[in-house]
Every structure is written in structure tokens, then in C-alpha cells.
Amino acid sequence: MAKWFNAALVISTVAFASCNQTQTETSAAGTSKKDWGEVDGKQVYLYTLTNKAGDVVTISNYGGIVTSWASPDKSGNKSSIIIGFDSLSTYLQQPPYFGALIGRYGNRIGKAEFKLGDSVYHLAANNGPNSLHGGLKGFDKVVWDATVADSTQSSLTLKYVSKDGEEGYPGNLDVTVVYTLTDDNGLKIEYTATTDKATPVNLTNHTYFNLTGSVANTILDHSIQIDADKYTPVDPTLIPSGELKDVKGTPFDFTTAKKIGQDIASVPGEPVGYDHNFVLNKKDASLQKVATLTDSVSGRQLEVYTTEPGLQFYTGNFLDGKFTNHDGNPLLIHTALCMETQHFPDSPNQPGFPSTILQPGQTYHTVTEYKLSVK
Ligand code: GLA
């Protein structure tokens, strides 16, 4: 165990202009862990990943939740650009998926059922008539087996076996997720899965970002560019009609960078805001840049790279002040946003969408990277 706390010391130098002095800050690049509680009789840990640049990301093996990402703004002030809590007990109060891994099926499955082969599979209707984010106890609420192959590297491997029939889905699904904090401030998430029966699989991460580092500010002044000429319009329960609609001339046009607040009031639906899947322009499953989020006040910029065909852009429309962020401020509507890389919602019931069915013998493999910089 002691090995965990003996991560090799790498010196990173941060120069402070104040007091005419140059101070040297020492941080341990690598991965360490601490006990964080217990769920379902299993030990839960909080892992700290530190890179050579001094960025620090904390991740729990409960739900694979990314709880914080501390990084400097343009003035060198460090704060977390993602929302979260310091204690496990708050996550057990079932916040809306803050930072969590989502599966077996990220996003919605219409009427909480799908047909595969000759069988109809029934899921929990946990979001109106639909099934959302894997059901009542999705991958965000289970304890994952965690390993750190090398404590001098900032990387964490999580494994979970979702049993045949769990939450109504067919097949034993063997899932591995590798989180890596790269030295150039990328949070890379690599998902792999295999099954012994055909099953839908759509894995994502539900981190909420606020690049200002404080949810005292909304995200309405952030700018976002999304490389998508089309999006999937939805019914009032957020199930796509099946149409791929042009963003041109609509509030969904982010093909060039635009402030999130600019057209948000014209987005149809209640509560106000974006909660839509964008059809990324990329033509294949290679890792490509698909979105850029910027905040001019902090100078922070976040680029999203993915192998996936879709991006659920969600502006925290359901945040209602019930939870308090680790900066002490309430999480109110539009104080944070998600960019969930994924296949399209309701794909198992939508023959026109790219398939999400994983067959035995195939390997599900997707990669997403959130790359942070400061200007
Ligand atoms: C996803 C959904 C939203 C909402 C959030 C959690 O982003 O698309 O509608 O359910 O999760 O609140």
C-alpha cells in the first residue's frame, strides 16, 4: 500500500512575480489514493492524478466520478473547472450524474424498451416514459475495480462487469475505462467493452464544466464552437424524431464560435436551454477535434476530441440549487455544462442512426479527450 504514497517526485517550477521572489512549488507527478468510504460493502477510494504541469484531477472508483480538475487561469490562480463535491456522502444523494461514467447506455432509450433479434427488452423508465443513462443503478452508481499500473504515471484503470440482465440489458458486459491526465493537460478517457450476447452499448462521461472556476458565474458567457452541421431534433421527452436537421438558421448553429447565451432563449422546450445531440461532421471513427469551449475572463479554453459520432450539449437546465459545488456556491440553472461524447440517443430504436449494438466477438473501443489550455 505504501507504494501508492511514494509516487516519484517530479519538480515543477511555478514562478510567482509577487514580493520580488521566485518560489518553487513541488508537486508529485503520478497517482496516489486515499480511502473515501464504502458502498455496497466495497471500499471506495479517491485517486489523485497529477501531471508534470501541476494540474490535479481527482477521480473516485465509485461511479468512476471525476470530482475535480484544478488548473490555473490566465493569472495563475488555480481552481476546479469542473463541478463536484469533496465527500462521497454527497454523491450518494444522487446528484444528476456529476462527473460520472455513464452506461450501459448513455442518454435515452424511448419508452424504456428496445427490440433486438426476436426479443423485446424492458428497461426501467427513470425519466418520464424513457430510460435514461443506464437505468436505476447505472455505471455511475456502482463501485469499479481500480488499478494503477504505475504510480509515477497519472493514469487510472477502472473495470466493471455488468451482469447479463442487469438493468434489463442482455449479456455479460466486461467494461474497462482508462483515465489519463496527460502532461499537456488533456484528460483522456478510453473505453473498452466486450459482451457474450448482442447488446446496446453507449458509454460516456457526464462531467459538468464551468471554465471560470466558480459557479457564482453562469456558463452563458462562455463561447462554444461545435463542428456539427446537423443535430437531432427531439420530442418533449427528449427522444429524437429520427430526422437529422440542419443547424443553419437555428439556435443550434455553433459551426463558428458563439456565446452560449446568445440564442438560448429561442431553444424550444422547458426548462430553457440546450440538451441536444449534435451530429458531428467527422466522417469516420478516428480521434478528431469536435468542439472548443472558451471563457475570455479566465482565459481558459477546452478542446474536445473524440472518436464518437455525436455530442450531447447540455447546459445544466435541470440544476435547481439542490446541490452546492465545492466552491461553496449553489448549482443553479446554467451554472455548468456537459459535452457528452456518444452515439445518438435512442439508437436501438432508430434504424437510421449509427448502430450501438455490440456483438459477441467484437470489441467496443472509443476515446475522448478534453484538452485544457490558457491564453
Ligand atoms: C443528460 C440529459 C439531460 C439530463 C442530464 C442529467 O445530459 O440529456 O436531459 O437528464 O443528463 O440531469
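Look up: the structure comes first, before these words.
Since this is a predicted model, take the numbers as computed values, not measurements.

## Re the pattern of salt bridges
Close approach of charged atoms allows side chains with opposite charge to pair.
So, point 1. Inspection of the entire model under this criterion finds eight salt bridges.
So, point 2. Here D221 and K259 are joined by a salt bridge, their closest N and O atoms 3.8 Å apart. With D221 in the loop between β19 (208-209) and β20 (223-226) and K259 in strand β23 (residues 258-259), the pair connects residues that are 38 residues apart, well separated along the chain.
So, point 3. By relative accessible area, D221 is classed as exposed at 52%.
So, point 4. For K259, a relative accessible area of 40% puts it in the partly exposed group.

## Regarding the packing of aromatic side chains
Note on aromatic pairs: each is described by the distance of the centres and the angle between the planes.
So, point 1. All chains considered together, the criterion is met by 25 aromatic pairs.
So, point 2. Here the aromatic rings of F139 and Y160 are separated by 5.4 Å at their centres, their planes lie at 65 degrees, and the arrangement is edge-to-face. In this pair, F139 sits in the loop between β12 (131-132) and β13 (145-147) while Y160 sits in strand β14 (residues 155-162), placing the two residues 21 residues apart along the sequence. Grouping residues by exposure puts F139 and Y160 together as buried.
So, point 3. Pairing F344 with F353 gives two aromatic rings, centres 5.2 Å apart and planes at 80 degrees, and the pair type is edge-to-face.
So, point 4. Lying over the aromatic face of Y45, K33 brings its terminal NZ or CZ to 3.7 Å of the ring centre.

Thresholds applied
- Residues numbered from 1 in each chain as written.
- Predicted model: local features only at pLDDT ≥ 70, side-chain atom pairs only at ≥ 80, totals over all residues.
- Heavy atoms only, no water.
- Salt bridge = Lys/Arg side-chain N within 4 Å of Asp/Glu carboxyl O.
- Helix = DSSP H or I, 4+ residues; strand = E, 2+ residues; numbered from the N terminus.
- Buried < 20%, exposed > 50% of the residue type's maximum accessible area, 1.4 Å probe, protein only.
- Phe/Tyr/Trp six-rings, centres within 6.5 Å; stacked < 30°, edge-to-face > 60°.
- Lys NZ or Arg CZ within 6 Å of the ring centre and 35° of its normal.

These values are about where atoms sit, not about what they do.
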